[in-house]
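# Remarks on the overall topology
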Amino acid sequence: MSVAPLLFVVLAACHDLSAVPILAGEHCAPARDEDVACTLDGDTFQVGTCGGESVRLLGVAAPEIAHNESEVDECWGPEAAAWLTDRLAGQTVRLEFDAVCTDTYERTLAYAWILEDDGTEVLLNEEIVAEGQARVYADFDDIRLRDKLYAAQAAAVSANKGLWAVCE
């Protein structure tokens, strides 16, 4: 059997073809696993070592926290940062990419997947929005998992979770 018919059989068995990398659109880099070293705020963490590569969760925006004396925490900023710190403690994440790999601050933009103890995979970008710890970042309306993030946000708003209960 040649490769083309075999590929067709494999793809035909997939229920969600957006999960198949060759059909999901352009990717700026291949997926990779990384150990989380520390978090910087509610939507950014570092991998490898603290001070290492900064990863910004693609498509989400958590409220800001003060990084120096002249700044002020936004509503729910400290809570979102604490939630992400707790969620990522001791985790290894699989980073997956979309068409753009870095932002204007040279942070890596990625979807972060966590493998749970029961074998399920959780998309952290979706979870953080679903839990009301962040909003969908509207400037990324062209990302491939946009619909998943907007659905999570609608559920969080409807359930009055996290920042939606306090800040909105």
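Note: the structure precedes this text.
## Considering the overall build of the protein chain
Of regular secondary structure, the protein chain possesses 5 helices and 8 strands. Put simply, the protein chain runs from its N terminus to its C terminus through helices and strands in the order α-β-β-β-β-α-β-β-β-α-β-α-α. Residue burial in the protein chain is summarised as follows: out of 168 residues, 40% are buried. Taking contacts inside the protein chain between residues at least 6 apart in sequence as the whole, the part at least 24 apart equals 56%.

## Some words on the state of the cysteines
Evaluation of the coordinates by the stated rule reveals 3 disulfides. Across the disulfide from Cys 28 sits Cys 101; the S-S distance is 1.7 Å. The S-S bond linking Cys 28 to Cys 101 shows a torsion near 90 degrees; that makes this disulfide right-handed. With Cys 28 in the loop between helix 1 (3-12) and strand 1 (32-39) and Cys 101 in the loop between strand 5 (92-96) and strand 6 (108-115), the pair connects residues that are 73 residues apart, well separated along the chain. Paired through a disulfide, Cys 38 and Cys 50 show a sulfur-sulfur distance of 2.4 Å. Of this pair, Cys 38 sits in strand 1 while Cys 50 sits in the loop between strand 2 (44-47) and strand 3 (53-57), and the two are 12 residues apart along the sequence. A residue is classified by how much of its surface remains accessible, and Cys 38, at 18% relative accessible area, is buried.

## Description of the pattern of salt bridges
Tallying each qualifying case throughout the model produces 11 salt bridges. A salt bridge links Lys 161 to Glu 131; the nearest nitrogen and oxygen atoms lie 3.6 Å apart. Here Lys 161, found in the loop between helix 4 (146-159) and helix 5 (163-166), pairs with Glu 131, found in the loop between helix 3 (124-130) and strand 8 (135-136); they are 30 residues apart in sequence, far enough to count as distant. By relative accessible area, Lys 161 is classed as partly exposed at 32%. Among the salt bridges present, the one from Asp 147 reaches Arg 146, with a minimum N-O distance of 3.2 Å. Of the residues examined, Asp 147 reaches a relative accessible area of 54% and is grouped as exposed. The partly exposed category is assigned to Arg 146, whose relative accessible area is 29%. A single salt-bridge network, built from bridges that share partners, covers Arg 94, Glu 96, Glu 121 and Arg 144.

## Brief notes about the packing of aromatic side chains
For the structure on display, the rule yields 0 aromatic pairs. The lysine or arginine in question, Arg 56, covers the ring of Tyr 137, its NZ or CZ lying 5.4 Å from the ring centre. Taking NZ or CZ as reference, Arg 135 lies 5.4 Å from the ring centre of Trp 164, over its face.

Cut-off values and rules
- Residues numbered from 1 in each chain as written.
- Predicted model: local features only at pLDDT ≥ 70, side-chain atom pairs only at ≥ 80, totals over all residues.
- Heavy atoms only, no water.
- Helix = DSSP H or I, 4+ residues; strand = E, 2+ residues; numbered from the N terminus.
- Buried < 20%, exposed > 50% of the residue type's maximum accessible area, 1.4 Å probe, protein only.
- Contact = heavy atoms within 4.5 Å.
- Disulfide = S-S within 2.5 Å.
- Salt bridge = Lys/Arg side-chain N within 4 Å of Asp/Glu carboxyl O.
- Phe/Tyr/Trp six-rings, centres within 6.5 Å; stacked < 30°, edge-to-face > 60°.
- Lys NZ or Arg CZ within 6 Å of the ring centre and 35° of its normal.

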